[in-house]
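Structural characterization, general
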Amino acid sequence: VKRSRLKTDAQRAALMRRVRRSGTPPERIVREVASEIGLRYRCNVKSLPGSPDLANKRGRWAIFANGCFWHHHKGCKLGTHPARNAKFWADKFAANRARDARKVRELRALGFEVLVVWQCQTADRKRLFARLSKLGESSAVEAA
Ligand SMILES: [Zn+2]
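Source: prediction; values computed, not measured. (Residues numbered from 1 in each chain as written. Predicted model: local features only at pLDDT ≥ 70, side-chain atom pairs only at ≥ 80, totals over all residues. Heavy atoms only, no water.)

1. Overview of the coordination of the zinc ion
- The protein atoms donating to the zinc ion are Cys68 (SG), His73 (ND1), Cys76 (SG) and Cys120 (SG), with metal-donor distances spanning 2.1 to 2.4 Å.
- Each of the four donor atoms bound to the zinc ion contributes to angles spanning 99 to 114°, and the resulting shape is tetrahedral.
- All donors of the zinc ion come from a single chain, and their spacing in sequence reads C-x4-H-x2-C-x43-C. Both residues of the pair, Cys68 and His73, belong to the buried class. (Donors = N, O, S within 2.8 Å, 3.2 Å for Na, K, Ca; no water. Tetrahedral: all angles 85-135°; square planar, octahedral: opposite > 155°, others 65-115°. Buried < 20%, exposed > 50% of the residue type's maximum accessible area, 1.4 Å probe, protein only.)

2. Details of unusual backbone geometry
- Despite not being glycine, Ser51 shows a phi value in the positive range, around 40°.
- Secondary-structure assignment places Ser51 in the loop between strand S1 (42-43) and strand S2 (54-56).
- Given a relative accessible area of 29%, Ser51 falls into the partly exposed group.
- Even without being a glycine, Asn85 presents a positive backbone phi close to 50°.
- With respect to the helices and strands, the residue Asn85 is situated in the loop between strand S3 (61-66) and helix H3 (86-109). (Helix = DSSP H or I, 4+ residues; strand = E, 2+ residues; numbered from the N terminus.)

3. A closer look at the packing of aromatic side chains
- In the structure shown here, the tally under the stated rule is six aromatic pairs.
- Here Phe69 and Trp70 contribute two aromatic rings whose centre-to-centre distance is 5.0 Å and whose plane-to-plane angle is 80°, an arrangement assigned as edge-to-face.
- On the basis of relative accessibility, which here comes to 8%, the residue Phe69 falls in the buried class. (Phe/Tyr/Trp six-rings, centres within 6.5 Å; stacked < 30°, edge-to-face > 60°.)

4. Details of H3
- With 24 residues, H3 should reach 34 Å at 1.5 Å per residue; the first-to-last C-alpha distance of 34 Å fits that figure.
- Residues of H3 that are buried include every one of Trp89, Phe93, Asn96, Asp100, Val104 and Leu107, and no others.
- Along its buried surface, H3 packs onto S3 and strand S4 (113-118).
- Where H3 terminates, the next one or two residues include Gly111, which has phi positive at roughly 90°. (Expected span 1.5 Å × (residues − 1). Contact = heavy atoms within 4.5 Å.)

Below, the structure written as C-alpha cells:
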C-alpha cells in the first residue's frame, strides 16, 4: 500500500513539473485558435465576473481556459487529488469549483454565452477550432 502511494506521489510530481515546464498554458492555445478564426476579443477582462480569459462584450461571449489541476476537472487524469494533505486539497478544489460555477452563472445572467475550455481539451486543436467557431454566431450579424 505504501509503495503504490509513493508511486502515485512521484507520478503526480512528475506530471505537475511537465505541465508547468512544457509551458503551453491553456489560455495561450485558446488565444491562438481564437485569433486563427478571426474572433475579436480582449484578455483577462476584469470588468466581467470571474475576469474571463477571453471575452467580447459586444458579441456577448466569454471563455474560461481552465487548468485541469487547479480547477479540478472531474474524471480527468490531470484533475486528481494529491495523496498528501488530502483535506487541504479537497477544500481548495471545492472552493475553486464553486467559484468557477458562480462566475459562469453570473455571466449567463448578463446574457453572455460562456465556454469553458479545459486544459486537456486544448490538445485537440481541430475540435477546439470547431467549438470556438460557433461562438457569437447569433450576434455576428449585429456586431459586424
Ligand atoms: Zn482535464
